[in-house]
Amino acid sequence: MPTLDKVTVDLMVVLGTTTMPIHQVLRLSRGAIIELDATEADEVKVLANNLPVASGVVLVDRNRIAVEVKQMLPRTPGTR
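On a predicted model such as this, the values are computed, not experimentally measured, just so you know. (Residues numbered from 1 in each chain as written. Predicted model: local features only at pLDDT ≥ 70, side-chain atom pairs only at ≥ 80, totals over all residues. Heavy atoms only, no water.)

### Some details on the overall build of the protein chain
Counting its secondary structure elements, the protein chain contains one helix and four strands. For the protein chain, the succession of helices and strands along the chain, N to C, is β-α-β-β-β. Overall size of the protein chain, expressed as C-alpha extent along the three principal axes, is 50 × 30 × 25 Å. Counted over contacts in the protein chain with a minimum sequence separation of 6, partners at least 24 positions apart contribute 28%. (Helix = DSSP H or I, 4+ residues; strand = E, 2+ residues; numbered from the N terminus. Contact = heavy atoms within 4.5 Å.)

Printed below as a string of structure tokens:
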């Protein structure tokens, strides 16, 4: 029987989004600050293989950052 230990999943946490003209994107450099449409208190989205799977909040403890999952999102039909 195959084991799940060898299955990899790409996880991403979306803190916020923004829209900017391409000329601004091309001028970005190290140290640039990109303003997002979110605040510290807003929930973040957790994506697994680019599919939304959960939402949660960001936690910071000294020099560590983590996400506490608050809600698992329902699976949409047609996704595995």
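### Focus on the pairing of strand S4 (residues 64-72)
As defined by bridge partners, strand S3 (residues 51-61) adjoins S4 across eight bridges and the pair is classed as antiparallel. Residue Leu59 lies in a different strand from S4, and its bridge partner there is Ala66. Here S3 folds back onto S4 in antiparallel fashion, the turn holding two residues, of which Arg62 has a positive phi close to 55°. (Pairing = 2+ DSSP bridges.)

### Examining the pattern of salt bridges
The final tally for this structure, using the stated rule, is one salt bridge. The residue Lys70 makes a salt bridge to Glu68 at a minimum N-O spacing of 3.5 Å. (Salt bridge = Lys/Arg side-chain N within 4 Å of Asp/Glu carboxyl O.)

### Topic: the pairing of S3
As paired elements, strand S2 (residues 44-48) and S3 share five bridges and run antiparallel to each other. Of the residues in S3, the one forming a bridge with Ala48 is Leu51. Taken together, S2 and the strand that follows it, S3, pair antiparallel across an intervening segment of two residues, in which Asn49 is found at a positive phi of about 50°.

### Side note on the UniProt feature "domain: Flagellar motor switch protein FliN-like C-terminal" (unreviewed entry) in the protein chain
What UniProt calls "domain: Flagellar motor switch protein FliN-like C-terminal" (unreviewed entry) maps, in this numbering, to residues 4-73. Secondary structure across residues 4-73 divides into 7% helix and 41% strand, with the first and last C-alpha atoms of the span separated by 22 Å. (UniProt positions renumbered as here; feature names shortened; annotations may be inferred.)

### Observations concerning the environment of Met72
Take Met72: it is sitting in strand S4. Separated by 17 residues in the primary sequence, Met72 and Ser55 place their C-alpha atoms 6.6 Å from one another. Apart from residues no more than four positions distant in its own chain, Met72 is found in contact with Val53 and Ala54.

### Some details on the confidence of the model for the protein chain
Confidence in the prediction of the protein chain, expressed as mean pLDDT, is 92, and 95% of residues score 70 or more. In the model of the protein chain, S3 stands out as the element of lowest mean pLDDT, 94, in contrast to helix H1 (residues 22-26), which has the highest, 97. (pLDDT = per-residue confidence, 0-100.)

### Side note on a nonpolar patch on the surface
A contiguous nonpolar patch, built from Val13, Leu15, Ile22, Val25, Leu26, Leu28, Ile34, Leu36, Val58, Val60 and Ile65 and spanning about 1,000 Å² of accessible area, is present on the exposed surface. When residues of the nonpolar patch are assigned to their parent elements, the largest contribution, three residues, is made by H1. (Patch = residues over 30% accessible without salt bridge, like charges linked within 9 Å, V, L, I, M, F, W, Y side chains within 5 Å. Areas by Shrake-Rupley, 256 points an atom, 1.4 Å probe, with all protein chains shown as cover.)

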